[in-house]
Amino acid sequence: LGTEMVYALRESPNKKNQLDTFNLAKSYLRRSLEIYPDLSEAMTYLGIVYYMENNFDSAYYYQSKAIKAKPDDVDLNYNYGKTLDKLKKYDEAIKVLDHAVALDPKHEGAYFNLALSYTNKEDMDKGLFYFSKVIEINPKRGDANYYSGMLFKAKGDTLKAKKYFGKATALGFTGQ
């Protein structure tokens, strides 16, 4: 029930309803773990809820336990990698996200977060490489074009920066 509640409300625009339902979902998911402490699905979804609430330490706690039970779950690796990045554990995030793309070479989100982790480590070349992978998979991804433009601008290549900013704008992404 907790998992279904998370699925139903992940994209809800009604933040009050989302918060109330997430709190209820967390209680069901925690109760599941009281009954069956090794239930990786409950750990996974608790991690998702805590991530969405910007409670990255709690997300990390549950996701790190779940990953031990399901090391080859692509989406779990993706979500865990995002959490590690938020916690500024960039090298760990990169390792986990690399594993996600090894499992699914077309995982757009994993490539995007690899780009972010490398950019956060100030490795602009690898950040650009992974943003290019995102754009290769999904040319309509405005944010990947925008961030590529930002990286080219930081490198002093204003012509390429303008090109990517133009693509991002044409796709409706303005960086806001």
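Definitions and limits used
- Residues numbered from 1 in each chain as written.
- Predicted model: local features only at pLDDT ≥ 70, side-chain atom pairs only at ≥ 80, totals over all residues.
- Heavy atoms only, no water.
- Helix = DSSP H or I, 4+ residues; strand = E, 2+ residues; numbered from the N terminus.
- Contact = heavy atoms within 4.5 Å.
- Areas by Shrake-Rupley, 256 points an atom, 1.4 Å probe, with all protein chains shown as cover.
- Expected span 1.5 Å × (residues − 1).
- Buried < 20%, exposed > 50% of the residue type's maximum accessible area, 1.4 Å probe, protein only.

### Thoughts on the overall build of the chain
On a plain count of helices and strands, the chain comes out with 10 helices and 0 strands. Helices and strands in the chain line up, N terminus first, as α-α-α-α-α-α-α-α-α-α. Principal axes of the C-alpha set define a box for the chain whose edges measure 60 × 35 × 25 Å. Here the analysis covers contacts within the chain between residues at least 6 apart in sequence; of these, 44% occur between residues at least 24 apart. When the accessible surface of the chain is split by element, carbon and sulfur atoms take 51% of a total near 9,800 Å².

### Observations concerning the environment of K86
In this fold, K86 is placed in helix 5 (residues 74-86). Separated by 31 residues in the primary sequence, K86 and S117 place their C-alpha atoms 9.0 Å from one another. The residues contacting K86, other than those within four sequence positions of it, are Y51 and F56.

### Looking at helix 3 (residues 40-52)
Its 13 residues place the ends of helix 3 18 Å apart at the C-alpha level, agreeing with the 18 Å of an ideal helix rising 1.5 Å per residue. Along helix 3, 11 of the 13 residues are buried, which leaves the element largely enclosed by surrounding structure.

### Observations regarding unusual backbone geometry
If you check the backbone angles, K88 has positive phi at about 65 degrees while not being a glycine. Relative to the elements of secondary structure, K88 occurs in the loop between helix 5 and helix 6 (90-103).

By themselves, these observations are geometric and do not establish any function.
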